[in-house]
Every structure is written in structure tokens, then in C-alpha cells.
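Each chain, written out:
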Amino acid sequence: MDAPDQLCLWRIQATVDLSCMADTEYTECMQKKTFYYHLLIPTSAVNIGFAIGHFTPIITSFSLPMLDPVVKHTTSTIDRVFEYFEELLSCRFPFSSYKQVFVYQTPDEITAYSGLSIISLTVLYHKKILDVVQMTRRCLAFAIAQQFFGCFVTSTCWLDAWLVSSLARFITGMYVERFFGTSESLYLVPFFDTKKMLNSVCEYETRWGKIILRPSNADYELHDIYFIIMYWSR
């Protein structure tokens, strides 16, 4: 059930207190305080995500109270990312809606689910801060790219997870080059990512041994595959 190639339609029911509200990326049909969500695009269980907290909705984004101005400024160019990817891939955004939730203490800077991205608050920046604009927009673009490659287009097994992640990174690099120029693309994409990935590979091989992307042994340990994916895709 939790394999990436096991796709199915979803109908999720959430019952909450009268003072609460349930909101996700799925089509909503509300009756009293029971919320029904339907995902009509075949999706694997690993791409189903939720965020629970006292959030303030800001169009398609959710954040903790008092962060509204920063969130609005940080996400003001999201529509350009959608337009670029849809034109590049000749494909409409695969899900009915897209929501971003900014929270504290996330295990990764960005975690992508079908129609939903959970993003660290460290990505947000004030309008007076300019030196992180390119990096932040690159992160938000990568979150959307993962909706196409990773959530909609999935791998057949965990061993191939690096491939869809690489495709998402590739089209993110094309976005950076399109909107920030070739110089920024050469700096932000190949130098930063390659150096980071090489360091991760060296660290992994130092601790666990050589990387085998396609092991021929059927008894290859699942936790070894997990470490390979986490080190290669982070």
C-alpha cells in the first residue's frame, strides 16, 4: 500500500470540534463539522499529507498568525512559476489546487505531497532583505516542480526515487535560468547543488559504504535504500 507505484483514488473524512476547521488540498464537501475530501487523481499513499495547527489562511498559503505580510511578500511570484512550468511541460497543473503551509521545525526545508507543500519558516524573508530572494524563489519553485515530478509522475519503486527528484531539480534550474539569467543559473544550480550532492555522497560512502542505485540482490536491506534516497535527494 505504501509503495510509490500503488496508485488509487482517495476519500478522506475529518471530524473536528465546532471551533475548528479542516482544510486540505482536496475538493471539500462540508456538512456540519464533518469535512469530506476527494482526490480524484490516482495518488500513492506516500504523497498524502496533512498539516495541523493554528494557521492563518493567505490565499493559497497558510502560516502562523502575525506572519501574513511576510508570507504574502515571499509567495507573491508563485503564479509565474505555475505559468512557466505549465508552458514548459505543455501540461496543466495536475491537481485541483495547491497549498503551501509554513511551519516551524520541519525535518526538511520542503516536503511535497499531492497538492500540498509543507515548508520551513526559514524560507520566509522580509521585503527589505534582498540577498536571499533568489534562493527562496528557487526553493518555492522546486516545491512546485515536485508536484509534477514526484507527486504526479511517480517512480515505480523506491530505487527510482532519485530520478523523479532529479527531473524536478532540472526544471527548477530551467526556471532559475529563465527568470534570473544564465549567471545566476550557473551559480545557484550547478555549483550549489553539485557541491552539496558531492558532499552528501562522500558523507554517505564514508559512513555506509559505496552507493548502489540498482542492487541486483533481492535481499538488499530496505534501510540501505532509504539512506541512499535521503542522501541523494535532500
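On a predicted model such as this, the values are computed, not experimentally measured, just so you know.

## Quick look at unusual backbone geometry
For residues other than glycine, phi is negative in most cases, and the peptide bonds are mostly trans.
Piece 1. Of note, S90 is a non-glycine position whose phi angle comes to about 55°, a positive value.
Piece 2. Its identity as a non-glycine residue notwithstanding, Q105 has a phi of 50°, on the positive side.
Piece 3. Looking at the element boundaries, Q105 is found in the loop between β6 (99-103) and β7 (110-113).
Piece 4. Residue Q105 is classed as exposed on the basis of its relative accessible area, which comes to 80%.

## With respect to the packing of aromatic side chains
Piece 1. Enumeration according to the criterion identifies 13 aromatic pairs in this entry.
Piece 2. Geometrically, the ring pair formed by F95 and F152 is edge-to-face, given 6.4 Å between the ring centres and 85° between the ring planes. Taken together, the residues span a long stretch of sequence, with F95 in the loop between α2 (78-89) and β6 and F152 in the loop between α3 (133-148) and α4 (161-208) at a distance of 57 residues.
Piece 3. When its relative accessible area of 7% is taken as the criterion, F95 is described as buried.
Piece 4. Here F152 falls in the partly exposed class, since its relative accessible area comes to 38%.
Piece 5. With 4.8 Å between their ring centres and 45° between their planes, Y175 and F179 make a pair best called tilted.

## So, the environment of F85
Piece 1. As for its placement among the helices and strands, F85 is situated in helix α2.
Piece 2. A relative accessible area of 0% means that F85 is categorised as buried.
Piece 3. Residues F85 and A141, spaced 56 residues apart in sequence, show a C-alpha to C-alpha distance of 9.2 Å.
Piece 4. Not counting residues up to four positions away in its chain, the partners in contact with F85 are A141, I144, A145, F148, I171, T172 and Y175.

## Considerations on the confidence of the model for the chain
Piece 1. Considering every residue of the chain, the mean pLDDT works out to 77; 73% of them sit at 70 or more.
Piece 2. Within the model, pLDDT remains below 50 along residues 24-28, and this stretch shows 26 contacts once partners closer than five positions in the same chain are excluded.

## Some thoughts on α2
Piece 1. Taking 1.5 Å per residue, twelve residues should reach 16 Å; α2 reaches 17 Å between its end C-alpha atoms and fits that length.
Piece 2. Burial in α2 covers these residues: I78, V81, F82, Y84 and F85. In an axial view of α2, the angular spread of the buried residues amounts to 165°, which keeps them on one side of the axis. In α2, the exposed residues that point more than 90 degrees away from the buried face are E83 and E87.
Piece 3. Positive phi appears at S90, one or two residues downstream of α2, with a value of about 55°.

## Digging into the nonpolar core
Piece 1. Among the nonpolar cores identified, the biggest contains 37 residues, and F85, F102, I144 and Y175 are the most heavily contacted of them.
Piece 2. Put simply, the parts of the chain that give this core at least two residues each are β1 (8-15), β3 (34-43), α2, β7, α3 and α4.
Piece 3. The element contributing the most residues to this core is α3, with eight residues.
Piece 4. Both domain 1 (48-147) and domain 2 (158-211) contribute no fewer than three residues apiece to this core.
Piece 5. The residues contacting Y175, other than those within four sequence positions of it, are V81, Y84, F85, R137, A141 and F180.
Piece 6. Counting residues in each nonpolar core, the second largest holds six residues, with V101, V103, Y113 and L116 among its members.

## Looking at the pattern of salt bridges
Piece 1. Following the criterion strictly, the structure yields one salt bridge and no others.
Piece 2. Taking the shortest distance from any N to any O, the salt bridge between E86 and R92 comes out at 4.0 Å.
Piece 3. Classification of E86 as partly exposed rests on a relative accessible area of 23%.

Calculation criteria
Residues numbered from 1 in each chain as written. Predicted model: local features only at pLDDT ≥ 70, side-chain atom pairs only at ≥ 80, totals over all residues. Heavy atoms only, no water. Helix = DSSP H or I, 4+ residues; strand = E, 2+ residues; numbered from the N terminus. Buried < 20%, exposed > 50% of the residue type's maximum accessible area, 1.4 Å probe, protein only. Phe/Tyr/Trp six-rings, centres within 6.5 Å; stacked < 30°, edge-to-face > 60°. Contact = heavy atoms within 4.5 Å. pLDDT = per-residue confidence, 0-100. Expected span 1.5 Å × (residues − 1). Arc of directions from axis to C-beta. Core = buried A, V, L, I, M, F, W, Y, C linked by side-chain atoms within 4.5 Å. Domains from an automatic or database assignment. Salt bridge = Lys/Arg side-chain N within 4 Å of Asp/Glu carboxyl O.

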